[in-house]
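# Topology and contacts: notes
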Amino acid sequence: MASTDKPASPPKPEAPLPASKCPFNYSVVDVTLRVLLFAATVTSVVVMVSSKQTEVVPLPTMPTVRLPLPAKFSHSPALIYFVAALSVTGLYSIITTLASISVALTPAYSKSFLLVFAFLDVVFVGIVASATGAAGGVAYIGLKGNNHVGWNKICNAYDKFCRHVGSSVAVSLFAAILLVLLSMMSTFTLYKKIRD
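Everything quoted here is computed from the prediction, not taken from an experiment. (Residues numbered from 1 in each chain as written. Predicted model: local features only at pLDDT ≥ 70, side-chain atom pairs only at ≥ 80, totals over all residues. Heavy atoms only, no water.)

### Here's the deal with a nonpolar patch on the surface
Side chains of Phe 38, Val 42, Val 46, Ile 94, Leu 98, Ile 101 and Leu 105 sit close together on the surface and give an oily, nonpolar patch of about 620 Å² of accessible area. Considering each element in turn, the nonpolar patch owes the most residues, four residues, to helix 2 (residues 77-105). Relative to the helices and strands, Phe 38 resides in helix 1 (residues 26-49). Phe 38 gets classed as partly exposed once you look at its relative accessible area, which sits at 32%. (Patch = residues over 30% accessible without salt bridge, like charges linked within 9 Å, V, L, I, M, F, W, Y side chains within 5 Å. Areas by Shrake-Rupley, 256 points an atom, 1.4 Å probe, with all protein chains shown as cover. Salt bridge = Lys/Arg side-chain N within 4 Å of Asp/Glu carboxyl O. Helix = DSSP H or I, 4+ residues; strand = E, 2+ residues; numbered from the N terminus. Buried < 20%, exposed > 50% of the residue type's maximum accessible area, 1.4 Å probe, protein only.)

### Focus on the state of the cysteines
In total, this model carries one disulfide according to the counting rule given. With its sulfur 2.0 Å from that of its partner, Cys 155 forms a disulfide with Cys 162. Looking down the S-S bond of the Cys 155 and Cys 162 bridge, the torsion is -90 degrees, so its handedness is left-handed. On the basis of relative accessibility, which here comes to 13%, the residue Cys 155 falls in the buried class. (Disulfide = S-S within 2.5 Å.)

### Some remarks on the pattern of salt bridges
Scanning all chains against the criterion turns up three salt bridges. Salt-bridge contacts for Arg 163 lead to Asp 159; the nearest nitrogen and oxygen are separated by 3.7 Å. You can see Arg 163 and its partner Asp 159 sitting in helix 4 (residues 159-195), four residues apart, about one turn around the helix. Judged by relative accessible area, Arg 163 falls into the exposed class, the value being 52%. Through salt bridges that share partners, Asp 30, Arg 34 and Asp 121 make up one connected network.

### Some points on the UniProt feature "transmembrane region" (unreviewed entry) in the protein
Taking the numbering used here, the UniProt-annotated feature "transmembrane region" (unreviewed entry) corresponds to residues 31-50, 78-101, 113-143 and 169-191. Annotated as 95% helix and 0% strand, the span residues 31-50 places its first and last C-alpha atoms 29 Å apart. Along residues 78-101 the backbone is 100% helical and 0% strand, and the end-to-end C-alpha distance reaches 34 Å. (UniProt positions renumbered as here; feature names shortened; annotations may be inferred.)

Structural data, given as structure tokens:
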């Protein structure tokens, strides 16, 4: 008896799946990190500049004589450098935020901008890290002193000043971490655009 069924046709090969687009929007994250960088640098500068305190303390050479002596960030070159470096970084974050928004809206020059961002982000990581280290070193000497060279600690007398300096250094460390993330993200995004 003959079968009326049609012979089974070979299975059709499956079409390759289209390359999936990453749902992660780098432009939004880049702009967000740059706005956070601006907020961190401005906060750090404002806290450092407002770190003033005057206390009546004995003179180191004559302990019986007590005079009102102020403590300000402008008395230390390291803290002045800190304020200048973070102020420039805040300006940089404003400029790059605006540039990042323009790249997101018109991506024609995105590779060029990403290359510049990657380079400048690394430069500013170095600037902020060095300023944070310098201010942190001064803050540590103020907190602990150094008996070997005769530097007295001052944070027992100037507690408010030291809290401001410590808080400012902590926020600038956060700014340095943001810059590292921005540098990594700019480099990675540039690599993806070159590869595609």
